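Topology and contacts: notes
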Amino acid sequence: MNNKPVFDYPLFAMGFRAFFALAGLSALALIGLWNAMSNGNLHVDHYFPGTLWHAHEMLLGYTSAVIAGFLLTAVANWTSRPTVSPDQLASLSFLWLYGRVLPFYSEWLPDVLIAAVDWSFLPALTYFVARPILQTGQYKHGVFVALLLLMALANAWIHGEVLGWSVAGAAQGLNLMAGLVVVMILVIAGRVFPFFTERGLSGVICIRSPALDIAAILAGAAVFLLLLIGVSGLFLAAAAFAAAVLSLLRIAGWYNPRIWYVPLLWVLYIGYAWVIVGFVLVALSAFEWVAPALALHAFTVGGIGILTLGMMARVALGHTGRALKASNVIAIAFIAVNLAALFRVLVPALVPTWYGGLVMASAYCWLAAFSLFAFYYAPILTAPRLDGQPG
């Protein structure tokens, strides 16, 4: 009997391959379509109304694909157990893809079906991530299972309003999802930043502080909890300031000036810096000194956008047997995505009258960054490992 997987291709050998490829392509398609739709150059009937589609797809489309690729790969390494077979990875990839495509067929498909397909991706991902953790009893990784389940709850909250089952649930769901992604970033940073820094810089030893890690994560979570329940003013500002300071102290222990010679490192540190900027802007917005949207985009375009691009670039090289060195093409992509954040967050804060043009400039920089990523990494993600090892 032939037990060879149906999808026996390098693209489905490990989770990072399929989902980083999907994330890179979706980063281009989603922003390209959103620009055309927001400028009035394209009109389509859609399951998600107005700006909700853009926000949902960037968080629960693009970002969830990056999370899937990272966790399916990382958990397999942490537990020494496979998370998915090639066939299961292909099925999970198609489920994610259906969630992106079906909302455009709202005239022909029931809304409940569209919602169910999109929502089911995160619970399915949770199952594959949780299974090896439970089998090996490595419950310290259970935080990622909890975060994935809460993300599924956030998505359910969004769909609840679209389906007419709740009122104002979409905004709360999006805020919850953004907060959960940032908290996941804070958790992952403590695990990989010191390791990547020590691997990338010979002779460097990072200062690790588990207590500071926990304090920074809890402070960040507290900020988003206060935002979720509508607390503002002094309480929110104090929590956001504490989160910024704790994150700054935390990253100072890992930092070494030599990172600026290694693009695969400085992109991660700059991405984390955007998260800190996000907390500072939340503190300022608590007193209505800046618009809350600037803080949100510091977290999303800045923190999430830059860190996910950097992580995908680094993880894909390491797990395909390649040297951990970014090409000039990818270094330019890192610069472009930082410009996208700069034009979307900081420059509008200084020159609000240029807002419309700056948003367009940000979109073009984002598209340039992910075009370079897709072009350069397509052959890496779809070819076998250079060293002949599985994966």
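Data block above holds the structure.
Below is a summary of the structure that appears in this document. Computed from a predicted model, the values in this text were never measured in an experiment. Every chain is numbered on its own, with residues counted from 1 as its sequence reads. Residue-level local features of this predicted model are given only where pLDDT is at least 70; pairs of side-chain atoms are given and counted only at 80 or more, and the full residue set underlies all totals for whole chains, interfaces and linings. Side-chain metrics in this entry use all non-hydrogen atoms of the structure; hydrogen atoms and water are not considered.

**Brief notes about the overall build of the protein chain**
Put simply, the rule reads: Helix and strand labels come from DSSP, where a helix needs a run of H or I of at least four residues and a strand needs a run of E of at least two; each type is numbered from the N terminus. Each radius of gyration is computed over the set of C-alpha atoms, and the globule rule expresses the reference value as 2.2 Å times the number of residues to the power 0.38. The cut-offs for exposure are 20% and 50% of the maximum accessible area for each residue type, with area from a 1.4 Å probe on protein chains only; residues under the lower value are buried, those over the upper are exposed, and the others partly exposed. Any two residues whose heavy atoms approach within 4.5 Å at even a single point are treated as in contact. All accessible areas in this document rest on Shrake-Rupley with a 1.4 Å probe, and a residue is counted as covered only by the protein chains that are shown.
Along the protein chain, the regular secondary structure elements total twelve helices and zero strands. Along the protein chain, from the amino end to the carboxyl end, the secondary structure elements read α-α-α-α-α-α-α-α-α-α-α-α. In terms of C-alpha radius of gyration, the protein chain reaches 20 Å, essentially the compact-globule figure of 21 Å for 391 residues. Here the C-alpha coordinates of the protein chain stretch approximately 65 × 60 × 40 Å along the principal axes. Across the 391 residues that make up the protein chain, the buried fraction comes to 54%. In the protein chain, the proportion of contacts linking residues at least 24 apart, taken out of those at least 6 apart, comes to 77%. Accessible area of the protein chain: about 16900 Å², with a carbon and sulfur share of 70%.

**Digging into a nonpolar patch on the surface**
To be explicit about the condition: Patches in this entry comprise residues that are over 30% relatively accessible and not in a salt bridge; like charges within 9 Å are linked, as are nonpolar side chains (Val, Leu, Ile, Met, Phe, Trp, Tyr) within 5 Å. Note on definitions: salt bridges are taken to be side-chain nitrogens of Lys or Arg within 4 Å of carboxyl oxygens of Asp or Glu.
The grouping of F94, L97, Y98, V101, Y105 and W108 at the surface amounts to a nonpolar patch, some 610 Å² of accessible area in total. Structurally, the position occupied by F94 is in helix α3 (residues 86–101).

**Some words on the packing of helix α1 (residues 15–38) against α3**
Condition: To obtain each axis, a line is fitted to C-alpha atoms, and for helices this fit is confined to the stretch in contact; angles are then taken between N-to-C directions over 0 to 180 degrees. For classification, angles of less than 35 degrees are called roughly parallel, those exceeding 145 degrees roughly antiparallel, those between 65 and 115 degrees roughly perpendicular, and all remaining angles oblique. Handedness of each helix crossing follows the sense of rotation of the near helix against the far helix: counterclockwise by less than a right angle gives left-handed, clockwise gives right-handed. Here the term charged refers only to Asp, Glu, Lys and Arg, the term nonpolar to Ala, Val, Leu, Ile, Met, Phe, Trp, Tyr, Cys and Pro, and the term polar to all other amino acids, Gly among them.
Close contact between α1 and α3 brings their axes to 10 Å; oriented N to C, the two are set at 20 degrees. Between α1 and α3, the interaxial angle falls into the category roughly parallel. The handedness of the crossing between α1 and α3 comes out as right-handed. On α3, the residues that touch G15, A18, F19, L22 and S26 of α1 are L89, L92, S93 and W96. Considering only residue class, the contact of α1 with α3 consists of six nonpolar, three polar and no charged.

**Examining the nonpolar core**
The nonpolar side chains of a soluble globular protein tend to be buried, and buried together. Operational definition: Among the buried residues, those of types Ala, Val, Leu, Ile, Met, Phe, Trp, Tyr and Cys that are joined through side-chain atoms within 4.5 Å form a nonpolar core.
F19, Y62, F193, F279 and W366 are the most contacted members of the largest nonpolar core, which has 144 residues in total. The biggest single contributor to this core is helix α6 (residues 169–200), with 18 residues. Apart from the residues within four sequence positions on either side, F193 is in contact with I188, I251, W254, L268, Y269, Y272 and L307.

**Brief notes about the environment of V231**
By the element assignment, V231 lies in the loop between α7 (210–228) and α8 (233–252). Excluding residues that lie within four positions of it along the chain, V231 makes contacts with L226 and L236.

**Topic: helix α2 (residues 52–79)**
We count it as follows: The span expected for a helix works out to 1.5 Å for each residue beyond the first. Here the bend at a residue means the angle between the axes of two seven-residue stretches, the one that ends at it and the one that starts at it.
Between its first and last C-alpha atoms α2 spans 37 Å; for 28 residues at 1.5 Å apiece the expected length is 40 Å, and the two agree. The sharpest bend along α2 reaches about 35 degrees and sits at S64. In terms of residue burial, α2 counts as a mostly covered element, since 24 of its 28 residues are buried. Positive phi shows up at S80, right after α2, with a value of about 60 degrees.

**Here's the deal with the packing of aromatic side chains**
Put simply, the rule reads: Between 30 and 60 degrees the pair is tilted, below 30 it is stacked and above 60 it is edge-to-face, where a pair is any two Phe, Tyr or Trp rings, Trp via its six-membered ring, whose centres lie within 6.5 Å.
Scanning the entire structure with this criterion turns up 24 aromatic pairs. Ring geometry for Y62 versus W366: centroids 6.0 Å apart, planes at 75 degrees, classification edge-to-face. On the criterion of sequence distance, the pair formed by Y62 in helix α2 and W366 in helix α12 (residues 355–382) is long-range, its members being 304 residues apart. Ring centres of F193 and Y272 lie 5.8 Å apart, and the angle between their planes is 65 degrees; this geometry places the pair in the edge-to-face category. With F193 in helix α6 and Y272 in helix α9 (residues 263–286), the pair connects residues that are 79 residues apart, well separated along the chain. Accessibility classification places F193 together with Y272 in one group, the buried group. Each residue in the set F193, W254, Y255, Y269 and Y272 is aromatic and connected to the rest through ring pairs, giving one cluster.

**Thoughts on the layout of surface pockets**
Keep this limit in mind: In the cavity and pocket records, a cavity denotes points on a 1 Å grid over the protein atoms alone where a 1.4 Å probe fits but cannot get out, a pocket denotes an open set with protein on both sides within 12 Å along at least 5 of 7 lines, and lining residues are residues with an atom within 4 Å of a point. Grid points are joined across faces, edges and corners, and a volume is the space filled by probe spheres set on the points.
For the largest pocket, the calculated volume is near 780 Å³. If you trace the largest pocket, you find 31 residues lining it, with W34, H54, M58, H297 and R344 closest to the centre. When residues of the lining of the largest pocket are traced back to their parent elements, those giving at least two are α1, α2, α6, α10 (292–318), α11 (328–350) and α12. The residue inventory of the lining of the largest pocket, partitioned by class, reads 18 nonpolar, twelve polar and one charged.

**Here we look at the side chain of S285**
Relative to the helices and strands, S285 is located in helix α9. Accessibility expressed as a relative area gives 12% for S285, which makes it buried. Apart from residues no more than four positions distant in its own chain, S285 is found in contact with V290, A291 and P292.

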